[in-house]
Amino acid sequence: MADGHIVQQQPGYQSTDQSQGTQYGAGQPTQYGVQTGQPGGPPPPPGPQPSKQVQWMTRPETIPGCPPGLEYLTQVDQLLVHQQVELLEVMTGWETCNKYQIKNSVGQQVYFAAEESDMCMRQCCGPNRGFNMHITDNMGQEVIRVNREFKCCAGCCWCANTDHCAFELTVEAPTGNVIGFFRQQQSGWTPHYQVLDATRQPVFEVIGPCCICEGICCTWDQEFKVYSLQTSEEVGKISKQWTGLVKEMFTDADNFGVTFPMDLDVKLKAVLLGGVFLIDFMFFEHQNNNDH
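Below you will find a few notes about this structure. Quick caveat, the model's predicted, so the values are computed rather than measured.

How each quantity is defined
- Residues numbered from 1 in each chain as written.
- Predicted model: local features only at pLDDT ≥ 70, side-chain atom pairs only at ≥ 80, totals over all residues.
- Heavy atoms only, no water.
- Helix = DSSP H or I, 4+ residues; strand = E, 2+ residues; numbered from the N terminus.
- Buried < 20%, exposed > 50% of the residue type's maximum accessible area, 1.4 Å probe, protein only.
- Areas by Shrake-Rupley, 256 points an atom, 1.4 Å probe, with all protein chains shown as cover.
- Disulfide = S-S within 2.5 Å.
- Pairing = 2+ DSSP bridges.
- Axes fitted to C-alpha atoms, helices over the stretch in contact; angles between N-to-C directions.
- Lys, Arg positive; Asp, Glu negative; His and termini not counted.
- Salt bridge = Lys/Arg side-chain N within 4 Å of Asp/Glu carboxyl O.
- Contact = heavy atoms within 4.5 Å.
- Expected span 1.5 Å × (residues − 1).
- Polar contact = N/O pair within 3.5 Å; in protein donor to acceptor, adjacent residues only side chain to side chain.
- Phe/Tyr/Trp six-rings, centres within 6.5 Å; stacked < 30°, edge-to-face > 60°.
- Lys NZ or Arg CZ within 6 Å of the ring centre and 35° of its normal.

In terms of helices and strands, the chain carries four helices and 12 strands. Taken across its 292 residues, the chain has 51% of its residues classed as buried. Surface accessibility of the chain: about 13,500 Å² in total, with carbon and sulfur atoms responsible for 53%.

If you trace the backbone, aspartate 137 turns up in the loop between strand S4 (131-136) and strand S5 (142-148). A relative accessible area of 1% places aspartate 137 in the buried class. Along the primary structure aspartate 137 and tryptophan 56 are separated by 81 residues, whereas in three dimensions their C-alpha atoms are 9.8 Å apart.

Before going further, it helps to spend a moment on the state of the cysteines. By definition, a disulfide is the covalent link that joins the sulfur atoms of two cysteine residues. Evaluation of the coordinates by the stated rule reveals zero disulfides. The closest cysteine sulfur to the non-disulfide-bonded cysteine 124 is located on cysteine 125, 6.0 Å from its own sulfur.

Attention shifts here to the sheet that holds strand S7 (residues 178-185). Strand order around the closed barrel formed by 12 strands is S1-S2-S3-S4-S5-S6-S7-S8-S9-S10-S11-S12, with antiparallel pairing between neighbours. Across this sheet, the average inter-strand angle for adjacent strands is 20°, counted without regard to direction. In this sheet, S5 lies alongside S4 in antiparallel orientation, the contact comprising six bridges. Counted as the bridge partner of histidine 134 is arginine 145 from S5.

On to the side chain of aspartate 280, then. Tracing the backbone through its elements, the reader meets aspartate 280 in helix H4 (residues 266-284). Buried charged residue aspartate 280 carries no salt bridge. Nearest counter-charge: lysine 240, at 7.8 Å. Each residue touching aspartate 280, except ones within four places of it in the same chain, is listed here: Gln83, Asn98, Tyr100, Asp254, Phe256 and Glu285.

Between the first and last C-alpha of H4 there are 26 Å, a value that for 19 residues agrees with the 27 Å anticipated at 1.5 Å per step. Within H4, 18 of the 19 residues are buried, which leaves the element mostly enclosed by the surrounding structure. Put simply, aspartate 265 is the residue that caps the front of H4, since its side-chain oxygen is 2.9 Å from the backbone nitrogen of lysine 267.

Attention now goes to the packing of aromatic side chains. Summed over the entire model, instances satisfying the criterion amount to seven aromatic pairs. Geometrically, the ring pair formed by phenylalanine 224 and phenylalanine 283 is tilted, given 5.8 Å between the ring centres and 40° between the ring planes. Here the residue phenylalanine 224 occupies a position in strand S10 (residues 222-228), and phenylalanine 283 occupies one in helix H4, the gap between them amounting to 59 residues. Residue classification places phenylalanine 224 among the buried positions, given a relative accessible area of 0%. One aromatic cluster is present, built from ring pairs that chain together Phe224, Phe256, Phe283 and Phe284. The ring of phenylalanine 167 is capped by arginine 148, whose NZ or CZ atom sits 4.2 Å from the centre of that ring. The ring of phenylalanine 181 has arginine 200 sitting right over it, with the charged end atom 4.0 Å from the ring centre.

In structure tokens, the structure reads:
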């Protein structure tokens, strides 16, 4: 592509060590920190172990100029985002922090995402709440942080031409270093977003379907297509995938896929990944397990 945001595809690498930083949950965590059964973590406890184990994507070498932890993204053109089912939320309707496994196209886990938000805001504001999404690698190191501020009047597509009425995600990698934004745009009917780089220059436009369908009858993918602003060509998409009858009826645990060119700048790949969480919260997250 000729828009200046493309880098060459990187070959596969072997694992190397990195210095430890802020750590959050990885794999299928029960708490923040390095968990058993992951590379570099402590050995599993004695006794019978679950038969199903997480497969991890091989950790690439450090690449000059690439934010630490984003080297994984040089090797993928698709990510699968699987929200975990929270039993407390299913049984009681008490809104809990969301958690997501992020995998490559062959099912190897690349990242884990854990929401941080205020408890009262989760119960009172539901999917409109502000949040930080901590995205960690397989060593439990936070490599991407996604932030959405709370805006009480935001969300309506007709009014999204002003800052206080438009939802926006800020994406940092590493923490404190802004690499881009995923911003809601004003539109007449279909959802519109823009992907902005670190200087707030628009790079991509994301356009969703005319009607967002939820429920047990909506067995098709809900696609949000990504278009280059320079060529107007479709270059990728974010899709909400059918999770099955039981999950659709009784939980708000969703599955998403995001595709992009293999040689796209890893920073823009990370921003598109962050866009998954904004789309999830705006259209597919329920308040107290009821439609918001």
